[in-house]
Amino acid sequence: GAVVSQHPSWVICKSGTSVKIECRSLDFQATTMFWYRQFPKQSLMLMATSNEGSKATYEQGVEKDKFLINHASLTLSTLTVTSAHPEDSSFYICSASPQSAGDQPQHFGDGTRLSIL
Amino acid sequence: QKEVEQDPGPLSVPEGAIVSLNCTYSNSAFQYFMWYRQYSRKGPELLMYTYSSGNKEDGRFTAQVDKSSKYISLFIRDSQPSDSATYLCATSSGGYNKLIFGAGTRLAVHP
């Protein structure tokens with residue numbers, strides 16, 4: 001149980017393109033999902049907390065106009081990297097916790113490797 | 001000072017060895033502790049989670065939390081080559097929401 005699916009797993013695109021990444025909880029509902037960024041051989045850094053039906057909460061230093069988050073349903077959150085540039089190239093990972101289980105740890109998707117040329 | 005300190009390794013051990021992975025943290029408000037395993041180019045996989053102090057065992061894995069010294073450990077018994085991965089400790093104060101991760105320790109188990 002507690003499976004989180006992320007799509008696409010890898011995307012390469014030209015500078016200036018906008019890229020959308022989807023995060024789905026497959027076997028549970030999640031009012032809250034999280035988006036992380038990970039650089040090579042470094043740990044995960046929380047970018048934002050995605051709340052179903054309301055605005056996302058961004059961490060300090062994360063541009064909300066650059067990284068648009070939409071959490072339209074209890075099983076889907078999307079991250080759109082707008083007007084992507086090479087410095088946005090990274091590994092983006094989402095996570096979610098089961099909605100109704102109280103104190104439950106986060107389960108992660110397999111990440112999206114984004115390469116901006 | 002980072003909130004969670006973890007030696008990045010790499011740690012290389014022979015198959016069958018007992019592996020000890022550790023993290024220290026600075027914030028005494030942290031109550032929730034997790035260990036994740038991450039294979040290359042994959043997302044983290046939850047291994048163990050505990051609340052407050054104490055030990056928790058699951059198969060070959062044992063997680064320990066010592067809140068008095070702000071020290072968390074993961075022990076792997078009878079290590080296997082398939083255990084080769086990066087192990088991330090994580091903690092938080094307000095439930096399992098805003099997680100603070102360690103840098104991750106790269107483990108290599110050789111046959």
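All of the points below concern the structure found in this document. (Residues numbered from 1 in each chain as written. Chains lettered and ligands numbered in written order. Predicted model: local features only at pLDDT ≥ 70, side-chain atom pairs only at ≥ 80, totals over all residues. Heavy atoms only, no water.)

Applying the stated criterion across every chain, the model contains seven salt bridges over all chains. The shortest N-O distance in the salt bridge between Glu59(A) and Lys98(B) comes to 3.0 Å. Residue Glu59(A) is located in the loop between β6 (57-58) and β7 (67-73), and its partner Lys98(B) is located in the loop between β9 (85-92) and β10 (100-101); the two belong to separate chains. You can call Lys98(B) partly exposed: its relative accessible area is 47%. Salt-bridge contacts for Asp83(B) lead to Arg60(B); the nearest nitrogen and oxygen are separated by 2.9 Å. Placement of Asp83(B) in the loop between β8 (71-76) and β9 and of Arg60(B) in the loop between β6 (54-58) and β7 (61-66) is noted, with a sequence separation of 23 residues between them. Residue Arg60(B) is classed as partly exposed on the basis of its relative accessible area of 25%. (Salt bridge = Lys/Arg side-chain N within 4 Å of Asp/Glu carboxyl O. Helix = DSSP H or I, 4+ residues; strand = E, 2+ residues; numbered from the N terminus. Buried < 20%, exposed > 50% of the residue type's maximum accessible area, 1.4 Å probe, protein only.)

Residue and element names in this part refer to chain B. One open sheet accounts for five strands, arranged β1-β3-β8-β7-β6; its pairing is antiparallel. A strand with exactly one partner marks an edge of an open sheet, and here the two such strands are β1 (4-6) and β6. In this sheet, adjacent strand axes meet at a mean angle of 15 degrees when their direction is disregarded. Here strand β3 (residues 19-25) runs beside β8; their pairing, made up of six bridges, is antiparallel. Bridging from a neighbouring strand, Val19 pairs with Ile76 of β8. (Pairing = 2+ DSSP bridges. Axes fitted to C-alpha atoms, helices over the stretch in contact; angles between N-to-C directions.)

Right, let's get into the interface of chain A and chain B. One widely used convention gives an interface's size as the accessible area the parts lose upon coming together. Listed by partner, the interface residues are 21 residues for chain A and 20 residues for chain B. Buried area between chain A and chain B, both sides added, is near 1,600 Å², and the carbon and sulfur share of it is 55%. The interface formed by chain A and chain B contains two salt bridges. Of the charged contacts, one joins Asp110(A) and Lys42(B) as a salt bridge, the two residues approaching to 3.7 Å between their closest N and O atoms. Taken together, the links from chain A to chain B amount to six residue pairs in polar contact (both at pLDDT 80 or more). Every element with two or more residues in the side of chain A that touches chain B is listed here: β4 (32-38), β5 (44-51), β9 (90-96) and β10 (107-108) of chain A. Counting residues per element, the side of chain A that touches chain B draws most heavily on β4(A), at three residues. Considered class by class, the residues forming the side of chain A that touches chain B number eight nonpolar, eight polar and five charged. (Contact = heavy atoms within 4.5 Å. Buried area = accessible area lost by both parts, 1.4 Å probe. Polar contact = N/O pair within 3.5 Å; in protein donor to acceptor, adjacent residues only side chain to side chain. Nonpolar A, V, L, I, M, F, W, Y, C, P; charged D, E, K, R; others polar.)

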